[in-house]
Amino acid sequence: MTPTEPLASGGAAQATVRPPLPVKMVVAGGFGVGKTTAVGSISEIAPLTTEAAITEVAAGVDDLSHTPRKTTTTVAMDFGCITIDPTLKLYLFGTPGQDRFGFMWDDLVEGAIGGLVIVDTRRLDDCYAAVDYFEHRQIPFAVAVNAFDGRVEHTLEEVRWALDVAERVPVIVFDARERGSVRDALLVVLEQALARSEG
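A.B. asks: Please provide a residue-by-residue account of the overall build of the chain, values included.
C.D. replies: When helices and strands are tallied, the chain shows six helices and seven strands. Each helix and strand of the chain, ordered N terminal to C terminal, gives the series β-α-β-α-β-β-α-β-α-β-α-β-α. Going through the 199 residues of the chain one by one, you find that 43% of them count as buried. Sequence-distant contacts, at least 24 apart, represent 71% of the contacts inside the chain between residues at least 6 apart. For the chain, the accessible area works out to roughly 10800 Å², and carbon and sulfur atoms hold 55% of it.

Set out below in structure tokens:
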């Protein structure tokens, strides 16, 4: 045994196991685009959600035309986590989608390495605020087009043009209901954050 090997209480050498590095990532986008679904699909713990029933007053403010079966909405945040590998654990914070809850974003985004902006191509204008937020704060992000009913209304290049996002920002298609699809989207954001840190 060398002097640098750790000792257990019984005197035997014991390997040091480091816990995975905690990393914060934000899942953002407009109302009803699939943020809560995405966090719930990937989280290895029961996700914390702050869902509230959509009242008649809220229904008059929030556009439910493309989400007629939606009965609840996030009023604070969603939270979940996923261990990517033994060295890295992602803590996911989902933002509320409505503009009236925008005052919470600064607190939710603080310390995040990047963001996944989820988009519904049937109503692209709902995600402008999220795209602008990450661009103005120079936080790495990717745009993930949620394939509602297995299809999207516009090509990825049309989405890029409509959102006016730079070529360096990945624009991908994913399914918020599928764990593997959500994982792949989050890995794209991780790659963006790593590239930014190395640049």
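A.B. asks: Break down unusual backbone geometry for me, citing the residues and quoting the values.
C.D. replies: Despite not being glycine, Gln138 shows a phi value in the positive range, around 55 degrees. On the secondary structure map, Gln138 appears in the loop between helix H4 (128-136) and strand S6 (141-146). Unusually for a residue other than glycine, Asp164 sits at a positive phi of about 55 degrees. Locating Asp164 in the fold gives a position in the loop between helix H5 (156-163) and strand S7 (171-174).

A.B. asks: How would you sum up the pairing of S6? Please name residues and give values.
C.D. replies: With six of six residues buried, S6 lies mostly within the body of the structure. Of the two faces of S6, the one holding Phe141, Val143 and Val145 and the one holding Ala142, Ala144 and Asn146 are both buried throughout. Note that strand S5 (residues 114-119) and S6 share five bridges and pair parallel. Bridge pairing links Leu116 to Ala142 in S6. Crossover S5 to S6 through H4 is right-handed. Of the crossover connections in this fold, the one passing from S6 over H5 to the parallel S7 is right-handed.

A.B. asks: Explain the pattern of salt bridges to me, and be specific about the residues and the numbers.
C.D. replies: All told, the structure shown has eight salt bridges when counted by the stated rule. Put simply, Asp120 and Arg122 hold a salt bridge, and the shortest N to O gap is 2.8 Å. Note that Asp184 and Arg183 form a salt bridge whose closest N and O atoms lie 3.0 Å from each other. You can call Asp184 partly exposed: its relative accessible area is 39%. What you see here is one network of salt bridges that share partners, running through Asp120, Arg122, Arg123 and Asp126.

A.B. asks: An account of the packing of aromatic side chains is requested, with residue identities and associated values reported.
C.D. replies: Summed over the entire model, instances satisfying the criterion amount to four aromatic pairs. Relative to Tyr91, the ring of Phe79 lies with its centre 6.1 Å away and its plane at 20 degrees, an arrangement referred to as stacked. Taken together, the positions of Phe79 in strand S3 (residues 72-85) and Tyr91 in strand S4 (residues 88-94) put the pair twelve residues apart, joining distant regions of the chain. Overall, Tyr91 belongs to the partly exposed group, its relative accessible area being 28%. With 5.9 Å between their ring centres and 25 degrees between their planes, Phe134 and Phe141 make a pair best called stacked. Grouping residues by exposure puts Phe134 and Phe141 together as buried.

A.B. asks: Report on H4, specifying residues and quantitative values.
C.D. replies: Because an α-helix packs 3.6 residues into every turn, residues spaced three or four apart end up facing the same way. Every buried residue of H4 is accounted for by Ala130, Val131, Tyr133 and Phe134. On an axial view of H4, the arc spanned by its buried residues comes to 160 degrees, and they lie on one face. Gln138 sits one or two residues past H4 and shows a positive phi near 55 degrees.

A.B. asks: Explain the environment of Asp132 to me, using residue names and the numbers behind them.
C.D. replies: Tracing the chain through its elements places Asp132 in helix H4. Placed 32 residues apart in sequence, Asp132 and Asp164 show a C-alpha to C-alpha distance of 9.8 Å.

About the criteria used
- The written sequence of each chain sets the order in which its residues are numbered from 1.
- Selection of residues for local features in this predicted model requires a pLDDT of at least 70, selection of side-chain atom pairs for listing and counting requires 80 or more, and totals for whole chains, interfaces and linings are taken over all residues.
- In computing side-chain properties, one takes all heavy atoms of the structure into account and sets aside hydrogens as well as water.
- Runs of H or I in DSSP of at least four residues are treated as helices and runs of E of at least two as strands, each being numbered from the N terminus.
- Each residue gets one of three labels from its accessible area relative to the maximum for its type: buried under 20%, exposed over 50%, partly exposed in between, using a 1.4 Å probe on protein chains only.
- Should any heavy atoms of two residues lie within 4.5 Å, those residues are considered in contact.
- Each accessible area value is a Shrake-Rupley result obtained with a 1.4 Å probe; residue values ignore everything except the protein chains displayed when judging cover.
- When DSSP locates at least two bridges between a pair of strands, those strands are taken to pair.
- The definition of a right-handed crossover adopted here requires that, viewed with the strands pointing away, the path from the first strand over the helix to the second runs clockwise.
- Salt-bridge detection follows one rule: a side-chain nitrogen of Lys or Arg within 4 Å of a carboxyl oxygen of Asp or Glu.
- Paired rings are identified among Phe, Tyr and Trp, the last through its six-membered ring, by centres lying within 6.5 Å, and are further divided according to the angle between planes into stacked (under 30 degrees), edge-to-face (over 60) and tilted (the rest).
- Here, the arc refers to the directions that run from the helix axis to the C-beta atoms.

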